[in-house]
Amino acid sequence: MRRIRVRRLSVVLLAGALLAAVGCTSSSSSSSSASASSSSPASPPGSTSSGSRPNFVFVLTDDLAWNLVSHMPHVLGLEKAGTTMSKYYVVDSLCCPSRSAIFTGEYPHDDGVFTNSGSDGGYATFNAHGDQQKTWAVALHAAGYRTAMMGKYLNGYQPRDPIPPGWDEWDVAGNGYPEFNYNLNENGKVQHYGAQPQDYMVDVLSAKAGAFIDSAAGSGQPFMLEVATFAPHAPYTPAPRYANAAAQVPYPKTPAYDRLPSNASSWLQDHPPLSVQEQATITTDYRKRVEADLAVDDMIGHLEAELQARGVANNTYFIFSSDNGYHMGEYRLDPGKQTAFDTDIHVPLIVTGPGVPAGRVDGQLVSNIDLCPTFETLAGLPVPATVDGHSLAVLWHGQDPPGWRQAILIEHHGPDNSPADPDRQNNQEGDPPSYEAVRTANALYVRYDNGQQEYYDTATDPYELNNVASKGIPPDLPKALNAMENCHTAAACWAAAHLS
């Protein structure tokens, strides 16, 4: 793949006793109830000194697929400096359910968020289920962390909505997808940004995040910063300095490009080959996505430099990820997401920080429900037993514990045709019916509400092109799916994720 040359942007610009953990669980659960699988250590793994709690900088992108990473030099630098979780999957390839799972550590069947809007999704549903009180932000804030949320929160949130609990700094937009002409709720005050180059949202967030690091590092408090970009989500708006920077970059086609799987399910089986115009649009859109990500990469470099300048880099976990992947021509689908294919559910998770081995690739199965208990464990907090996820602290510190999980659950409600949804898709983009799926190290098993099934042996069919469900499905896959879609605690979900 050709890598484009990028220009760097110069952006101008512990103490406290541990309280009972209240995140990653319902507000009514007992704070003394800790998960046996991810209990609090006496001191956080990787701390630079006794009693020194680590900081966190979490950069969460929107719709970023693995095929963009090669164009992001600072992200490639994170890979060299830290650990890449090579089998990291999201619980649903859709913005709001994925972000809800990250905040709460719960599957959609427990936090109630399956879509971006309506009675089963979005900001309103997140609140209706009491999920605001379950987040890692609430737990870390209560334990003395200084917390900041910047950029994209949850679908349906508007800048005039109240600031949720757990946040010391709040700089959050509603419709920030165009990157210009948007409003930010800046700690309760709505501020409008226009169409000038300096209003480009990623750059605005970069400056605010750098200022927060500077202030938090000077305060002596440990801090947790999440910067959630709208980039590279459609309309794929680049910073003006990067317009046309990727004009010669080809789309990285895989064997799944413009091909249907054999024995495809009914929602997919009649898709015609991609037209010449569709393929041209895919190439154009991919180039825009690369260009949009260059400013995100600039931001990562800026935040790394700020951590170094403030002397806190060695005690800060820097986490890079995406809420979901993105298909572009694979399986004859126009650009979109929401399927159970790896193009959509398999996304980057890269971490650097204290005790994290450099240049390591970890191949254990991990999920975005694991981030909440991981943050709390590393902060020295007990993780309540009511979470569904499992702390990744041992994996991030280079250990390879026996008996790790063998299956990941994916849950999706569809089709979803809400007119106001920025992720609304038509059939050509891929709008599958509701399904539950299991991803293992060498298989993908999907069960749709209409009774249809897919089974791909990914050991021999890594691009998921040969549905062999009609030839027989290993019985441990439906068994694991049944158990995981009905689990409700860390212990139950962990047990369900082990094949028998």
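Bear in mind that the values here come from a model prediction, so they are computed numbers and not experimental data.

What counts as what
Residues numbered from 1 in each chain as written. Predicted model: local features only at pLDDT ≥ 70, side-chain atom pairs only at ≥ 80, totals over all residues. Heavy atoms only, no water. pLDDT = per-residue confidence, 0-100. Contact = heavy atoms within 4.5 Å. Disulfide = S-S within 2.5 Å. Buried < 20%, exposed > 50% of the residue type's maximum accessible area, 1.4 Å probe, protein only. Helix = DSSP H or I, 4+ residues; strand = E, 2+ residues; numbered from the N terminus. Expected span 1.5 Å × (residues − 1). Pairing = 2+ DSSP bridges. Axes fitted to C-alpha atoms, helices over the stretch in contact; angles between N-to-C directions. 1 Å grid on protein atoms, 1.4 Å probe; cavity = no way out; pocket = protein on both sides within 12 Å on 5 of 7 lines; lining within 4 Å. Points joined across faces, edges and corners; volume = space filled by probe spheres on them. Nonpolar A, V, L, I, M, F, W, Y, C, P; charged D, E, K, R; others polar. Phe/Tyr/Trp six-rings, centres within 6.5 Å; stacked < 30°, edge-to-face > 60°. Arc of directions from axis to C-beta.

Caption draft 1: Fine view of the confidence of the model for the protein. Counting all residues, the mean pLDDT for the protein is 91, and 90% of those residues have values of 70 or more. Of the regions scoring below 50 in pLDDT, residues 25-43 engages in 33 contacts with residues more than four places distant in sequence or in other chains.

Caption draft 2: Here's a closer look at the state of the cysteines. Under the counting rule described, the total for this entry stands at 1 disulfide. Covalently, cysteine 487 is tied to cysteine 493 through a disulfide, its sulfur atoms 2.0 Å apart. Negative torsions about the S-S bond denote left-handed disulfides, and the value of about 95° found for cysteine 487 with cysteine 493 makes this one right-handed. Cysteine 487 sits in the buried class, given a relative accessible area of 2%.

Caption draft 3: Up close: helix H6 (residues 201-219). Spanning 19 residues, H6 covers 27 Å between terminal C-alpha atoms, matching the ideal 27 Å at 1.5 Å per step. Glycine 220 sits one or two residues past H6 and shows a positive phi near 85°.

Caption draft 4: Quick look at the sheet that holds strand E6 (residues 182-186). Strand order across the open sheet formed by 10 strands is E7-E6-E5-E4-E8-E1-E9-E10-E2-E11, with mixed pairing between neighbours. Each edge of the sheet is formed by a strand with only one pairing partner; in this case those strands are strand E7 (189-193) and strand E11 (360-362). Averaged over all adjacent pairs, the angle separating strand axes in this sheet is 15°, with direction ignored. Across 5 bridges, E6 lies against E7 in antiparallel orientation. Following the sheet pairing, tyrosine 182 is matched in E7 by tyrosine 193. Strand contacts of helix H10 (residues 371-378): strand E1 (55-61), strand E8 (223-228), strand E9 (316-322) and strand E10 (349-352), with the helix running at about 165° to E1, the strand carrying the most contacts.

Caption draft 5: Examining the pairing of strand E13 (residues 408-412) more closely. Of all 5 residues in E13, 5 are buried, a share of seventy percent or more. Bridging between E13 and strand E14 (residues 435-439) involves 5 bridges; their strand directions are antiparallel. Bridge pairing links glutamate 411 to glutamate 436 in E14.

Caption draft 6: Summary view of the layout of surface pockets. Size it by volume and the largest pocket reaches roughly 390 Å³. Around the largest pocket sit 17 residues that line it, and Trp66, Thr254, Asp342, Thr343 and Tyr463 are the ones nearest its centre. Partitioned by chemical class, the residues of the lining of the largest pocket number 9 nonpolar, 5 polar and 3 charged. There is about 250 Å³ of room inside the second largest pocket. Across the lining of the second largest pocket, the residue classes break down as 7 nonpolar, 8 polar and 2 charged.

Caption draft 7: Quick look at the packing of aromatic side chains. Per the counting criterion, the structure on display carries 29 aromatic pairs. Judged by centre distance (5.7 Å) and plane angle (35°), the rings of phenylalanine 103 and tryptophan 136 are tilted. Pair noted here: phenylalanine 103 is in helix H2 (residues 95-104) and tryptophan 136 is in helix H5 (residues 136-142), with a separation of 33 residues, a long-range link. Judged on exposure class, the residue phenylalanine 103 and its partner tryptophan 136 are both buried.

Caption draft 8: Region of the structure containing helix H12 (residues 476-484). All of the buried residues in H12 are Leu477, Pro478, Ala480, Leu481 and Met484. Here the buried residues of H12 occupy an arc of 160° about the axis, which is enough to place them on one side. On its buried face, H12 is in contact with helix H3 (108-111), E13, E14, strand E15 (443-448), strand E16 (453-457) and helix H13 (490-496).

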